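Chain by chain, the residues:
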Amino acid sequence: GGKHESPPNLNPKKWKHDCNELLNEMNANPLSVPFREPVSEIEFPDYHRYITTPMDLSTVRESLHIGDYGSPMDFQKDVALIFKNSKEYNTDPKSKVLSMTIKLEDHFNEKIFDIIEDWRRTNRRLKMAKIKHKNKKAAMTGGAGGSGQSKGKGKGKGKGKGQSNLIRKTKS
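Residues numbered from 1 in each chain as written. Predicted model: local features only at pLDDT ≥ 70, side-chain atom pairs only at ≥ 80, totals over all residues. Heavy atoms only, no water.

Things to note about the overall build of the protein
Formally: Note on conventions: DSSP H or I runs of at least 4 residues are helices, E runs of at least 2 residues are strands, and numbering of each starts at the N terminus. Note on definitions: a residue-residue contact is assigned when non-hydrogen atoms from the two residues lie within 4.5 Å.
For the protein, the count of helices and strands is 6 helices and 0 strands. For the protein, the succession of helices and strands along the chain, N to C, is α-α-α-α-α-α. Pairs at least 24 residues apart make up 68% of the contacts formed inside the protein by residues separated by at least 6 positions.

Some details on the side chain of Asp78
Formally: Using a 1.4 Å probe on the protein chains alone, a residue whose accessible area is under 20% of its type maximum counts as buried, one over 50% counts as exposed, and one in between counts as partly exposed. Counted as positive: Lys and Arg. Counted as negative: Asp and Glu. His and the chain ends are not counted at all. Whenever a carboxyl oxygen of Asp or Glu lies within 4 Å of a side-chain nitrogen of Lys or Arg, that contact is scored as a salt bridge.
Its place among the elements puts Asp78 in helix α4 (residues 72–89). Lacking a salt bridge, the buried Asp78 has Lys77 as its closest oppositely charged neighbour, with an N-O distance of 8.2 Å. Ignoring anything within four residues of it in the chain, the contact list for Asp78 reads Met55, Val60 and Tyr69.

Concerning the pattern of salt bridges
Taken as a whole and assessed by the stated rule, the structure comprises 6 salt bridges. Across the salt bridge formed by Asp118 and Lys14, the nearest N and O atoms sit 3.5 Å from each other. Placement of the pair is Asp118 in helix α5 (residues 96–141) and Lys14 in helix α1 (residues 14–28), with a sequence separation of 104 residues. Given the relative accessible area of 29%, Lys14 is considered partly exposed. A salt bridge links Arg120 to Glu117; the nearest nitrogen and oxygen atoms lie 3.9 Å apart. Here Glu117 and Arg120 lie together in helix α5, a separation of 3 residues that amounts to about one turn. Taking relative accessible area as the criterion, Glu117 reaches 27% and is therefore assigned partly exposed.

Looking at the side chain of Asp56
In plain terms, the rule: Polar contacts here mean pairs of N or O atoms no more than 3.5 Å apart (in protein, one a potential hydrogen donor and the other a potential acceptor; neighbouring residues in sequence count only if both atoms are side-chain atoms).
Considering the arrangement of structural elements, one finds Asp56 in the loop between α2 (47–50) and α3 (57–66). Of the side chains with opposite charge, Arg61 lies nearest to the buried Asp56, which makes no salt bridge, at 8.9 Å. Reaching out from Asp56, the side chain makes a polar contact with the side chain of Thr59 at a distance of 2.4 Å. If sequence neighbours within four positions are ignored, Asp56 has contacts with Phe35, Arg36, Glu37, Pro38 and Ile82.

Structural notes on the packing of α1 against α4
As a reminder, the rule being used: Here the axes come from fitting lines to C-alpha atoms, over the contacting stretch only for helices, and the angles between their N-to-C directions go from 0 to 180 degrees. Here is the rule for angles: anything less than 35 degrees is roughly parallel, anything more than 145 is roughly antiparallel, 65 through 115 is roughly perpendicular, and the remaining ranges are oblique. Throughout, a crossing is termed right-handed when the near helix is turned clockwise from the far one, and left-handed when it is turned anticlockwise from it by less than a right angle.
Two elements in contact, α1 and α4, have axes whose closest approach is 10 Å; the angle formed by their N-to-C orientations is 20°. By the angle between their axes, α1 is roughly parallel relative to α4. Between α1 and α4 lies a crossing whose hand is right-handed. Side by side, α1 and α4 meet where Trp15, Cys19, Leu22, Leu23 and Met26 of the first sit next to Pro72, Phe75, Val79 and Phe83 of the second.

From the geometry alone we can't say anything about function, so treat these as descriptive.
Structure (structure tokens):
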């Protein structure tokens, strides 16, 4: 793009903000009318005979906000399910909803691609930053893992590491 590479995104949660923005955008789009709320069983009594896992934009937003998604790919899966369900239910080629589905899906795929790319780039940068800071951090905290790691408490991590080294030594 025309923007110069000013500070790269190092916020691991930025994708959530981006996905939320994308949801807002889709909700504002007239094409999203059929997908904003769960399909009504009163209006479409046979819907659940065809569609085993209903999904809609309000449900996706809820999942995003309560932290159900661990990555933009999880978010993408649920939104893709909205379109998949719609295509399975609205099979008439002349269906207005079907054409809305296809148009909105194209728009979504374009946008989510950028969000996932940005997320991957951020993760790579964070990894590099972590490696760079590892030596500094170890000196400061006595080798305990930072809060960013998911592998339990810092102390246990060090112990585990030592053990795997021991095992390796005895084998060779």
